[in-house]
Amino acid sequence: GVLTSIYLEEFASDNWLSQLIEVNINNLAAIPSILFGVLGLAALINFLGIPRASVLVGGATLALMTLPIIISAAEEALRVVPTEFRTVSASLGGTRWQGIRHIVLPQALPGIITGVILGLLRAAGETAPIMFTAAVFFTPDLPSSIFDEIMALPYHIYVLATAGTEIEKTRHIQYGTALVLIALVLGMNLVAIIYRSRLRRRV
């Protein structure tokens, strides 16, 4: 996602192809997550023949879902870096890539990190994509390979909340699982804020 944003913002010409790519990226960001789950099921399991729902399929589906968010955020971070920085780098004899690597990227890194964290946080709270591609109701073991099924916090909450006549008996487990998920999301946000502030102080 970050490499795509660098190409679109720094290297791609402003023509119909780059505009078409930008429109499609924005459209992908607006697609409901359940459609990504159906896409992962249809393309990766049914079409490519991966034998069953697994960490690999779920991870690929979540990666595809978060890609537009990361690309858009990284593009915006690169766009904010003043053009003068690139001009000064070129006037000192640096190549375009050297200017991007040593000047533009360090300036844009806090914004890029924010975009990546936003994508990860969206993936952490999604239920529909992993319901079709990775998660199961219960498994006693941790996955030992990328082809194993997994349990996931959002799907676990969904299963407990739709447990029918047993719903009252599992209410405390629902709240406990939701608390763990909230703590995980808040923890990731806190780490991102601290890391971003340190990067800004260095720049």
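Residues numbered from 1 in each chain as written. Predicted model: local features only at pLDDT ≥ 70, side-chain atom pairs only at ≥ 80, totals over all residues. Heavy atoms only, no water.

### A look at the packing of helix H1 (residues 2–11) against helix H6 (residues 96–124)
For step 1, the next point in the chain: Orientation of H1 relative to H6, taken along the N-to-C sense of each, is 120°, at an axis distance of 12 Å. On the basis of their axis angle, the class for H1 and H6 is oblique. Viewed along their axes, H1 and H6 form a crossing whose handedness is right-handed. Facing Val2, Ile6, Glu10 and Phe11 of H1, the residues of H6 in contact are Arg96, Trp97, Ile100, Val104, Leu105 and Ile112.
For step 2, the next point in the chain: Of the residues belonging to the contact of H1 with H6, the class tally is eight nonpolar, no polar and two charged. (Axes fitted to C-alpha atoms, helices over the stretch in contact; angles between N-to-C directions. Helix = DSSP H or I, 4+ residues; strand = E, 2+ residues; numbered from the N terminus. Parallel < 35°, antiparallel > 145°, perpendicular 65-115°, else oblique. Left-handed = near helix turned anticlockwise from the far one by under 90°. Contact = heavy atoms within 4.5 Å. Nonpolar A, V, L, I, M, F, W, Y, C, P; charged D, E, K, R; others polar.)

### Quick notes on the nonpolar core
For step 1, the next point in the chain: Membership of the largest hydrophobic core is limited to eleven residues, which are Phe36, Leu62, Met65, Ala123, Ile130, Ala134, Ala135, Ile150, Ala152, Tyr155 and Val159.
For step 2, the next point in the chain: Looking at this core, the elements that each hand over two or more residues are helix H4 (55–80) and helix H8 (153–161).
For step 3, the next point in the chain: Look past the residues within four positions of methionine 65 in its chain and what remains in contact with it is Ser33, Phe36, Arg122, Ala123, Glu126 and Pro129.
For step 4, the next point in the chain: By size, the runner-up hydrophobic cluster in this structure holds ten residues, among which are Ala77, Leu78, Val81 and Val104. (Core = buried A, V, L, I, M, F, W, Y, C linked by side-chain atoms within 4.5 Å. Buried < 20%, exposed > 50% of the residue type's maximum accessible area, 1.4 Å probe, protein only.)

### Quick look at the environment of proline 51
For step 1, the next point in the chain: Here proline 51 lies in the loop between helix H3 (33–47) and H4.
For step 2, the next point in the chain: Between the alpha carbons of proline 51 and phenylalanine 147 there is a distance of 8.6 Å; along the sequence they are 96 residues apart.

### As for helix H2 (residues 16–29)
For step 1, the next point in the chain: The end-to-end C-alpha separation of H2 is 20 Å, in line with the 20 Å expected for 14 residues at 1.5 Å each.
For step 2, the next point in the chain: The backbone nitrogen of leucine 17 lies 3.2 Å from a side-chain oxygen of the residue at the head of H2, namely asparagine 15. (Expected span 1.5 Å × (residues − 1). Polar contact = N/O pair within 3.5 Å; in protein donor to acceptor, adjacent residues only side chain to side chain.)

### Re the pattern of salt bridges
For step 1, the next point in the chain: With the rule as written, the count across this model stands at five salt bridges.
For step 2, the next point in the chain: Arginine 79 is the partner of glutamate 9 in a salt bridge, and the nearest nitrogen-oxygen pair spans 3.1 Å. A residue pair is termed long-range when its members are at least 10 positions apart, and glutamate 9 in helix H1 and arginine 79 in helix H4 qualify at 70 residues.
For step 3, the next point in the chain: Taking the relative accessible area as the measure of exposure, glutamate 9 reaches 25% and is therefore partly exposed.
For step 4, the next point in the chain: Put simply, glutamate 75 and arginine 79 hold a salt bridge, and the shortest N to O gap is 3.8 Å. Taken together, the residues glutamate 75 and arginine 79, both in helix H4 and four residues apart, mark about one turn of the helix.
For step 5, the next point in the chain: Owing to a relative accessible area of 44%, arginine 79 belongs among the partly exposed residues under this scheme. (Salt bridge = Lys/Arg side-chain N within 4 Å of Asp/Glu carboxyl O.)

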